[in-house]
Amino acid sequence: MFTSLQSRLAGLLQRLSRFKLLFILLPYLVIASVAIYFGYERCKPTYIKDGVKYTRSVCGNVKTAEALPIPKNPNEKKVDAKVYTYSEANYWEIIDNSKSPHFPTGLKFSEKDLPNPTVVRWNNYLLGINIENYVEKSGGAFLGSPVSEHYTLQSQIRTVRVYNIDSGETFDISLEKPTWGEIWYTTSQVVGNTYYFGVGGAFGPSLGYKLDLPPQRISRITKLASAIGNEITKYGNTYVSSFCYEGCTYSLFNPVSLTVTPLERMTSASNDRDFSRKEEFIGIDNQGRMILNVRNIPKDVNNQQHFDTEMIAASPLSNESSTIALINASDLPEKMRGYFMVDGIDKVLMLGNTKVYIYDLSQGQTREIQIGSKLKEDFVSAKSYNYYSASRTDEVVCFTDSETIKYAVDLAKETYLDTPPSDCKKLWVEKTKEEVFKELNLPDNFEFVYTPAVYKTYNVVKGKPESELPKDSEIIK
């Protein structure tokens, strides 16, 4: 029996000897497996910790962190709460640093009001709209929002601030009735010896108040019977008011009676969304006349940006029904691609097929000007045929594309510029706060200081589970 048992053990050991290598490697395999497991747990591309799903590159930095939805408890109590946000009013204030301590003038404007700042200059006076902010219930509704009440940052205007640059005297002139509410924009300007200002909501501001100049402590601010647009421009002895929001409408403005008369022809000719309009507005000369490109529009052609010219005509703003022919098509030196004017200069820049001309309105003469290499290249480019985008300075027409200002023509000097002047701007670029401050042309002892204020606004939500409220919310019921 012992012999039999010994024989069996010998056979078992013989069979196990076949797996000798496995027994040698087994500890190493176990260690490697444990290392791979912990290494993957440490370096796996996604992992969840404390209810947050993290994504990262393998063994790299975390790229995203996404809070996982908290399972809803159908029996959780629902509450009413104030959900707070913080609204910052980004104001810059003019400081007189010739005084000790430095004197805050109280003249401020917000970056959101650019390019129509709330501070303007008349002679040695600065005038500014005093805007006071407060938090109040908003009448606006927000689509898809469960919020039942909105308390937003709103504005109130009770006074106009006046500052005498020479004497340092400052005082406020009160409105007879303050204006308040959700004021989105402001506008102000000086026309002659009158200061106009106004406010507006989402559709832009309108000039609705006036103050006769020079300002005095006993001066009165007059609220106009009706708004006169958001800008007034003087051409010779003619005043034109405009209101622009996704297109512009124009009116004649009478500064004596403070009345406006719609300029329907000018509004129609200025509607650059209507490519097939018969008349294209070019500009206004110093006689108070619209200068128009009267176009030949074939009946079978629609939605084109370029049509041949029938004539260049003038129409007095005081009598829009009148049309005065200036140049007939047969008198043009060649087929024209575009016409441009600069306010205050009685000349029309005309771009032809191969050359550039200036038509002098006061002399009734056409002159060719020499051009440079950049415009010559554009003339042979088919893609440039139909439309030229242009911005303007006081004397120069600046031609642009989507990225750069390409070249310019100085209308006053009748000179082509392959390198545009530094004050040329791209289209639709608003003035910066530094440019606005510079235009006030103040002495060196004035500076522009950032004076922000933060307001705690909030929304009232009703019937919301407490676990879903943002941090720092205040439960009110």
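Residues numbered from 1 in each chain as written. Predicted model: local features only at pLDDT ≥ 70, side-chain atom pairs only at ≥ 80, totals over all residues. Heavy atoms only, no water.

### Some thoughts on the overall build of the protein
So the rule is basically this: By the criteria applied, helices consist of DSSP H or I runs no shorter than four residues and strands consist of E runs no shorter than two, each listed in order from the N terminus. Think of it in three bands: residues with accessible area under 20% of the maximum for their type are buried, residues over 50% are exposed, and the middle band is partly exposed, with areas taken using a 1.4 Å probe on protein chains only. Any two residues whose heavy atoms approach within 4.5 Å are treated as being in contact. Exposure was quantified through the Shrake-Rupley algorithm and a 1.4 Å probe, taking into account, for residues, occlusion by the shown protein chains and nothing else.
Secondary structure assignment for the protein yields five helices and 33 strands. The buried share among the 477 residues of the protein stands at 40%. Of the contacts made within the protein by residues no fewer than 6 positions apart, 48% connect residues no fewer than 24 positions apart. Here the protein displays about 28200 Å² of accessible surface, and carbon together with sulfur accounts for 52% of that area.

### Some details on the sheet that holds strand β22 (residues 324–328)
Condition: Strands pair, by our definition, only if DSSP identifies at least two bridges between them. Every axis corresponds to a line fitted to the C-alpha atoms, with the helix fit spanning only the stretch in contact, and the corresponding angles, defined between N-to-C directions, vary from 0 to 180 degrees.
With antiparallel pairing, four strands are arranged side by side in an open sheet as β19-β20-β21-β22. The sheet is open, and its two borders are formed by β19 (279–284) and β22, each paired with just one other strand. Taking each pair of neighbouring strands and ignoring which way they run, the sheet shows an average axis angle of 25°. Here five bridges tie β19 to strand β20 (residues 289–296), and the two strands are oriented antiparallel to one another. Bridging across to β20, glutamate 279 finds its partner in valine 294.

### Considering the layout of surface pockets
Test applied: Any residue with an atom within 4 Å of a point lines the site, the site being either a cavity, points on a 1 Å grid over the protein atoms alone where a 1.4 Å probe fits but cannot get out, or a pocket, an open set with protein on both sides within 12 Å along at least 5 of 7 lines. Grid points are joined across faces, edges and corners, and a volume is the space filled by probe spheres set on the points. Note that Gly is not counted as nonpolar here; it falls among the polar residues with everything else outside the nonpolar set of Ala, Val, Leu, Ile, Met, Phe, Trp, Tyr, Cys and Pro and the charged set of Asp, Glu, Lys and Arg.
Its volume calculated, the second largest pocket comes out at about 360 Å³. Taken together, 16 residues form the lining of the second largest pocket, with Lys112, Thr152, Leu153, Ile183 and Trp184 sitting closest to its centre. Elements with a contribution of two residues or more to the lining of the second largest pocket: β4 (78–89) and β9 (149–164). Across the lining of the second largest pocket, the residue classes break down as six nonpolar, seven polar and three charged.

### Examining empty space enclosed by the protein
One pass over the structure, following the stated rule, counts one cavity of 30 Å³ or more. The computed volume of the largest cavity comes to approximately 30 Å³. Taken together, Tyr91, Lys112, Ile131, Asn133, Ser155, Ile183 and Thr186 make up the full set of residues lining the largest cavity. Of the residues contributing to the lining of the largest cavity, the split by class is three nonpolar, three polar and one charged.

### A closer look at the state of the cysteines
Going by this rule: Two cysteine sulfur atoms make up a disulfide if the distance between them is within 2.5 Å.
Scanning the model with the defined rule gives two disulfides in all. A sulfur-sulfur distance of 2.0 Å marks the disulfide that ties cysteine 244 to cysteine 248. Between cysteine 244 and cysteine 248 the disulfide shows an S-S torsion of about 115°. By sign, it is right-handed.

### Remarks on the packing of aromatic side chains
For the record, the criterion: Between the rings of Phe, Tyr and Trp (Trp by its six-membered ring), a pair exists once the centres lie within 6.5 Å; its type follows the angle of the planes, with under 30 degrees stacked, over 60 edge-to-face, and the other angles tilted.
The final tally for this structure, using the stated rule, is 15 aromatic pairs. Relative to tyrosine 125, the ring of tryptophan 122 has its centre 6.2 Å away and its plane inclined at 25°; by these criteria the two rings are stacked. Taken as a pair, tryptophan 122 and tyrosine 125 share a single burial class, namely buried. A ring pair is formed by phenylalanine 399 and tyrosine 407, whose centres lie 5.6 Å apart and whose planes are at 40°; its orientation type is tilted. Judged by relative accessible area, phenylalanine 399 falls into the buried class, the value being 2%. Residue tyrosine 407 is classed as buried on the basis of its relative accessible area, which comes to 1%. By way of ring pairs, the aromatic residues Phe340, Phe399, Tyr407 and Tyr416 are connected into one cluster.

### Topic: the pairing of strand β12 (residues 194–201)
By the criterion of burial, β12 is predominantly enclosed, with seven of the eight residues buried. Note that strand β11 (residues 185–191) and β12 share seven bridges and pair antiparallel. Looking at the pairing, serine 188 lines up with phenylalanine 197 of β12. Hairpin remark: β11 followed by β12, antiparallel, with two residues in the connecting loop; positive phi at glycine 192, about 65°. Bridging between β12 and strand β13 (residues 204–212) involves eight bridges; their strand directions are antiparallel. Looking at the pairing, glycine 201 lines up with glycine 204 of β13. Here β12 hands over to β13 after two residues, the two strands then running antiparallel side by side.

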